[in-house]
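Each chain is listed here by its residues.
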Amino acid sequence: MAFVPQSPDKVRIDKYLWSIRVFKSRSMASDACNGGKVKIDGVSCKPSREIKTGEVITIKMNGIERIFKVIALLDKRVAAPLVPEFSTDLTPQSEFDKQKMLRAKFEFRDPGSGRPTKKDYRDIEQMKYYFDEEDE
């Protein structure tokens, strides 16, 4: 039998996003909120914003827009198999396809072509930076 924590009355958005494993650390979640990358029902929010069940969270990360619906509140990080009990990922498949296309465009190398040179690495990083800025 798996451990399921009790649902608290209120939870900060940064803590919730960290708990459902969207971000690796709570500070990364806070930085995303402060940078305007996290929106609740279409409105940018601060990391201290408290969330409610039923709200829709939109997060812009890695060149795509991820969409989550809050099912239940959670303030402690849980194992990955338990995450669907607390949130639903509503991100359309087209967003994930878009991410694959962006990665394939810059990082694909023919087999046997050897390691990238310093110039190749710089060009790849410059293109990634360009396309990440364009999405904002």
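Please read these numbers as outputs of a predicted model, since none were measured by experiment. Counting starts from 1 at the beginning of each chain's written sequence and moves along it residue by residue. Totals for whole chains, interfaces and linings use all residues, but because this is a predicted model, local features are given only for residues with pLDDT of at least 70 and pairs of side-chain atoms are given and counted only at 80 or more. No hydrogens and no water enter the side-chain calculation; it runs on all heavy atoms of the structure.

The next thing to look at is the overall build of the protein. Helix numbers and strand numbers start at the N terminus; a helix is a DSSP run of H or I with at least 4 residues, a strand a run of E with at least 2. Scanning the protein from terminus to terminus reveals 4 helices and 7 strands. Sequence-ordered secondary structure for the protein, helices as α and strands as β, is β-α-α-β-β-β-β-β-β-α-α. Relative to its 136 residues, the protein shows a buried fraction of 32%. The contact rule is simple, with two residues in contact once any of their heavy atoms fall within 4.5 Å. For the protein, long-range pairs separated by at least 24 residues make up 48% of all intrachain contacts whose partners lie at least 6 apart in sequence. Note on areas: Shrake-Rupley with a 1.4 Å probe; residue coverage comes only from the protein chains shown. As presented, the protein carries roughly 9100 Å² of accessible surface, and 53% of it is formed by carbon and sulfur atoms. The buried label goes to any residue with under 20% of its type's maximum accessible area, the exposed label to any with over 50%, and the partly exposed label to all in between, with areas taken from a 1.4 Å probe on protein chains only.

A few words now on helix α2 (residues 26–34). For α2, the full list of buried residues reads Ala29, Ser30, Ala32 and Cys33. In an axial view of α2, the angular spread of the buried residues amounts to 160 degrees, which keeps them on one side of the axis. Facing away from the buried side of α2, by more than 90 degrees, are the exposed residues Asp31 and Asn34. Remark: Gly36 follows α2 within two positions and exhibits a positive phi of approximately 80 degrees. What the arc measures is the spread of directions leading from the helix axis to the C-beta atoms.

Turning next to the environment of Val11. Relative to the helices and strands, Val11 is located in strand β1 (residues 11–12). Note: C-alpha distance between Val11 and Arg49 (38 residues apart in sequence) is 8.2 Å. Val11 has contacts with Tyr16, Arg49, Glu50, Ile51, Leu73, Leu74 and Asp75, leaving out every residue within four places of it along the chain.

Turning to unusual backbone geometry, a few remarks are in order. Positive phi values are uncommon outside glycine, yet Arg21 reaches one of about 65 degrees. When you line up the elements, Arg21 lands in the loop between α1 (13–19) and α2. Accessibility expressed as a relative area gives 39% for Arg21, which makes it partly exposed. Located in the positive-phi region is Asp41, a residue other than glycine, with phi close to 50 degrees. The residue Asp41 is located in the loop between β2 (38–40) and β3 (43–44) in this model. Asp41 sits in the partly exposed class, given a relative accessible area of 48%.

What follows concerns the side chain of Thr91. Looking at the element boundaries, Thr91 is found in the loop between β7 (87–89) and α3 (93–107). Pairs of N or O atoms within 3.5 Å make up the polar contacts considered here, provided that, within protein, one atom can donate a hydrogen while the other can accept it, and that residues adjacent in sequence are counted only when both atoms are side-chain atoms. Polar contacts involving the side chain of Thr91 include one to the main-chain amide nitrogen of Ile67, which spans 2.9 Å. A distance of 2.6 Å separates a polar atom in the side chain of Thr91 from a polar atom in the side chain of Asp89.

What you see with strand β6 (residues 64–70) is a clean split: Ile64, Arg66, Phe68 and Val70 sit on the buried side and Glu65, Ile67 and Lys69 on the side with no burial. DSSP bridges decide pairing: two strands pair if at least two such bridges lie between them. Inspection of the sheet shows strand β5 (residues 56–61) paired to β6 by 6 bridges, in the antiparallel sense. By the bridge assignment, Lys60 is partnered in β6 with Glu65. In this structure, the hairpin formed by β5 and β6 is closed by a connection of 2 residues, where Asn62 is found at a positive phi of approximately 55 degrees.

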